[in-house]
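Tertiary structure, described
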Amino acid sequence: MSNEPVELDALVVGAGFAGLYQLFRLRDNLGLKVKAVEAAQGVGGTWFWNRYPGARCDSESHVYWYTFSLDLMRQWEWSERYPGQAEILRYLNFVADKLDLKRDIQFGTRVASAHYDEATNRWHMRAETGETFIAKFLITAVGCLSSANVPDILGLKTFKGEWYHTGQWPHEGVEFTGKRVGMIGTGSTAIQAAPVIADQAKHLTVFQRTANYSVPARNIPLTADFKQYVKSSASEIRATTHQTYNGMGFKVSERKAVDTPPEERERIYDEAWERGGLQFRASFEDMLVSKEANDTAADFIKRKIRSIVKDPKTAAVLADIDHPYAAKRPPIDTDYFETYNRPNVTLVDVKAAPIRQISEIGIRTDQAEYPLDIIVFATGFDALTGPLLKMDIRGRGGIALKDVWEAGPRNYLGLQVAGFPNLFTITGPGSPSVLCNMPVAIEQHVDWITDCIAHMRTNGLERIEARADAVEKWVSEVNEAAARTLLPQAKHSWYLGANIPGKPQVFMPYAGGLVRYREICQKVVTRGYEGFALS
Ligand code: N01
């Protein structure tokens, strides 16, 4: 390795969905000298790391991919309604190979610091390996859920068994056969993993702190007819994802739950339950804005839980949900609640009796000790800001991003931070990101950034930076958009940063929807990059 810095027009950090597409657009469309650096030894981002049992995307496969090239869409064929982790990873490798991207990706390279030098208008990056890079543009494609949260539970180091976080799963897999497994968490990840682990393990104990809703996914292999439909309707599919609130392939109903007679409402929920998937939340347009409407969905799902789970005590703990439906990211599942009917599965209510410590032999709550061979932490992530703040990012005058964001993320459009010129954050906090089907949100951001850099080149501009007043206004807009929904009512949600001790509690993603957000971003451009200072 040479000590000479690598000089570039742009450095992209990350080689998941976002980094790959950004690399392609800057290199192949703008002809920039650009490199991506990636901590992992391969492409894939989320799908490289999250190899836990049952890992599968909750977006349907025909909308969970790149849509910038109809050709590419027609060359790939998904096999199931929801793509599994291994298939998505194959897909991203297929794209990276087709576009010949890997030659410009440096794997095994984690950025430790990125400092802006005002005099030269350049970013200086240092990797953990010691390697350095200098670039005019720094573009983070680090993902929203890539910083694993292993809670600081007393005694973990003393545990004699094995333990794993779902987001850092061993590539060779974990052997559960004959093992007593404890899993902490009941978020989307745990809800996918529990049925698969229960199938293999001698015993699975799930430690639930907050009960959660879930709706059946109803995964199935795709028929030849559906695959043909996807190929012949690629451009219509793309258009639909651009017109829907969250970049999904389904539209939110225009009916209101509160105006629908109870029997009719029940029939609609029943049909949505049978159809399965995230579109359950699209059954009524008022579900995420009216508590009264939301209560009808919440009540329906709680009744389903009680009807599926045979032991009434377990059912009561699972259905004791304290937040509105979909105010936390709503999981979908394959036989999650059914899993609690298995003789080798136990639910432990750690809200009633909190986890006190991890001992040499297992997990100890206020009430009992559970001997375990393996602990699975399905405990989520330091979302959105975590992956950015893990890097030592410093802007003008050496000011640290962590100081600017001490009270929560502050930026303009989720794309740029005042004081950090030429730094773009793909799907950063303050953008629709995690409330959407991610590839659609990613393409919108990458296209906007690429067009912006092209505009700068055409006009001989060297520097773009969010204005402080635009940041103020955008932060208010993000707060107001959230306040118009029920989302902030889930008090311990990662959307709010509430899952990480000490993290400022601010609703982070933009909840106004992708359609509205796209319009705002376009308007900013037509008004001459309103809110940005260009020089
Ligand atoms: O993480 P989570 P996740 N003691 O933060 C519990 C995406 N995703 O990995 O709610 C006890 O949702 C915590 O309890 P509580 C999706 O966006 C996508 O499941 O804080 N429990 C919670 O139950 C999703 O939302 C897909 O009280 C503790 C759980 O751990 C996001 O990833 C699939 C604890 C964490 O749930 C994150 O989901 C899966 C403690 N100390 C995930 N600390 C696909 O589409 C935490 N918990 C494929």
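Keep in mind that this is a model prediction, so the values were computed, not measured. (Residues numbered from 1 in each chain as written. Predicted model: local features only at pLDDT ≥ 70, side-chain atom pairs only at ≥ 80, totals over all residues. Heavy atoms only, no water.)

Considering the nonpolar core
Counting 137 residues, the largest nonpolar core has Tyr-91, Met-183, Phe-280, Leu-413 and Trp-448 as its most contacted members. Here this core gets 10 residues from one element, more than from any other, and that element is helix H14 (residues 438–458). Viewed by domain, this core spans two of them, domain 1 (6–43 + 101–147 + 383–534) and domain 2 (149–212 + 331–380), each represented by three or more residues. Those residues in contact with Trp-448, other than ones at most four positions away along the chain, are Leu-415, Phe-424, Cys-521, Val-524, Val-525, Tyr-529 and Phe-532. (Core = buried A, V, L, I, M, F, W, Y, C linked by side-chain atoms within 4.5 Å. Buried < 20%, exposed > 50% of the residue type's maximum accessible area, 1.4 Å probe, protein only. Helix = DSSP H or I, 4+ residues; strand = E, 2+ residues; numbered from the N terminus. Domains from an automatic or database assignment. Contact = heavy atoms within 4.5 Å.)

Some remarks on the sheet that holds strand S7 (residues 162–165)
With respect to topology, 5 strands assemble into an open sheet ordered S7-S16-S8-S9-S12, the strand pairing being parallel. In this open sheet, the two strands that pair with only one neighbour each are S7 and strand S12 (345–349). Averaged over all pairs of adjacent strands, the angle between strand axes in this sheet comes to 20°, irrespective of strand direction. Two elements, strand S9 (residues 203–208) and S12, share 5 bridges in a ladder whose sense is parallel. When the bridges of S12 are listed, Leu-204 appears paired with Val-345. (Pairing = 2+ DSSP bridges. Axes fitted to C-alpha atoms, helices over the stretch in contact; angles between N-to-C directions.)

So, the side chain of Arg-27
Along the chain, the position of Arg-27 falls in helix H1 (residues 17–29). A relative accessible area of 11% means that Arg-27 is categorised as buried. Reaching out from Arg-27, the side chain makes a polar contact with the side chain of Asp-104 at a distance of 2.7 Å. Once you skip the residues sitting within four places of it in the chain, Arg-27 turns out to touch Leu-32, Val-34, Leu-99, Asp-100, Leu-101, Arg-103 and Asp-104. (Polar contact = N/O pair within 3.5 Å; in protein donor to acceptor, adjacent residues only side chain to side chain.)

Details of the site of the ligand
As a matter of local geometry, the ligand sits amid 23 residues, with Arg-56, Thr-189, Arg-209, Thr-210 and Lys-328 nearest to it. Between an oxygen atom of the ligand and a side-chain N or O atom of Thr-189, the distance comes to 2.6 Å. Arg-329 is positioned with one of its side-chain polar atoms (N or O) 3.1 Å from an oxygen atom of the ligand. Surface burial for the ligand is 88%, taken as the share of its 920 Å² of free accessible area covered by protein chains. Each residue belonging to the shell around the ligand can be placed in one class, and the counts come to 9 nonpolar, 9 polar and 5 charged. (Near = heavy atom within 4 Å. Areas by Shrake-Rupley, 256 points an atom, 1.4 Å probe, with all protein chains shown as cover. Nonpolar A, V, L, I, M, F, W, Y, C, P; charged D, E, K, R; others polar.)

So, the pairing of strand S6 (residues 132–140)
In terms of burial, S6 is largely enclosed, as 9 of its 9 residues are buried. In terms of strand pairing, strand S5 (residues 122–127) meets S6 through 4 bridges, oriented antiparallel. Among the inter-strand pairings, His-124 is bridged to a residue of S6, identified as Ile-134. Linkage of S5 to S6, two consecutive antiparallel strands, is achieved through a turn of 4 residues, within which Gly-130 is found at a positive phi near 100°. In terms of strand pairing, S6 meets strand S18 (residues 423–425) through 3 bridges, oriented parallel. Residue pairing in the sheet places Leu-138 in a bridge with Leu-423 of S18.

Things to note about the packing of aromatic side chains
Each pair of aromatic rings is reported with the distance of its centres and the angle of its planes. Considering all chains together, one arrives at 42 aromatic pairs under this definition. Between the aromatic rings of Trp-273 and Phe-300, the centroid separation amounts to 5.9 Å while the plane-to-plane angle is 70°, which identifies the pairing as edge-to-face. Placement of Trp-273 in helix H8 (residues 262–275) and of Phe-300 in helix H9 (residues 291–308) is noted, with a sequence separation of 27 residues between them. The exposure classification of Trp-273 matches that of Phe-300, with both residues buried. In textbook terms, an aromatic cluster arises when at least three aromatic residues are bridged by ring pairs, as seen for Phe-17, Tyr-21, Phe-24, Trp-47, Tyr-64, Trp-65, Tyr-66, Phe-68, Trp-76, Trp-78, Tyr-91 and Phe-94. (Phe/Tyr/Trp six-rings, centres within 6.5 Å; stacked < 30°, edge-to-face > 60°.)

Focus: unusual backbone geometry
For Asp-100, which is not a glycine, the phi torsion comes out positive at approximately 55°. You can see Asp-100 is positioned in the loop between helix H4 (85–98) and strand S3 (105–106). Here the phi dihedral of Ser-433 falls at roughly 25°; this positive angle occurs in a residue that is not glycine.

Here we look at the domain arrangement of the chain
When the parts of a complex come together, some accessible area is lost, and that lost area is often used as the size of the interface. For the chain, the assigned domains read domain 1 (6–43 + 101–147 + 383–534) and domain 2 (149–212 + 331–380). Using C-alpha coordinates to define each centre, domain 1 is positioned 34 Å away from domain 2.

Section: the sheet that holds strand S15 (residues 369–371)
On the basis of which strands lie adjacent, the open sheet formed by 3 strands has the order S13-S14-S15 and antiparallel pairing. Each end of this open sheet is capped by a strand with a single partner; those strands are strand S13 (355–358) and S15. Within the sheet, the average angular offset between the axes of one strand and its neighbour, ignoring direction, is 20°. Sheet topology places strand S14 (residues 362–365) next to S15; 3 bridges connect them, and they run antiparallel.

Remarks on H8
Compared with the 20 Å implied by 1.5 Å per residue over 14 residues, the 20 Å span of H8 between its first and last C-alpha is a close match. Of all the positions in H8, only Arg-265, Ile-268, Tyr-269, Ala-272 and Trp-273 are classed as buried. On an axial view of H8, the arc spanned by its buried residues comes to 135°, and they lie on one face. Taken from the residues just after H8, Gly-276 is the one with a positive phi, measuring 80°. (Expected span 1.5 Å × (residues − 1). Arc of directions from axis to C-beta.)

A closer look at the side chain of Thr-189
Tracing the backbone through its elements, the reader meets Thr-189 in helix H5 (residues 188–200). Beyond its immediate stretch of four places on either side in the chain, Thr-189 contacts Tyr-52, Thr-166 and Ala-378.

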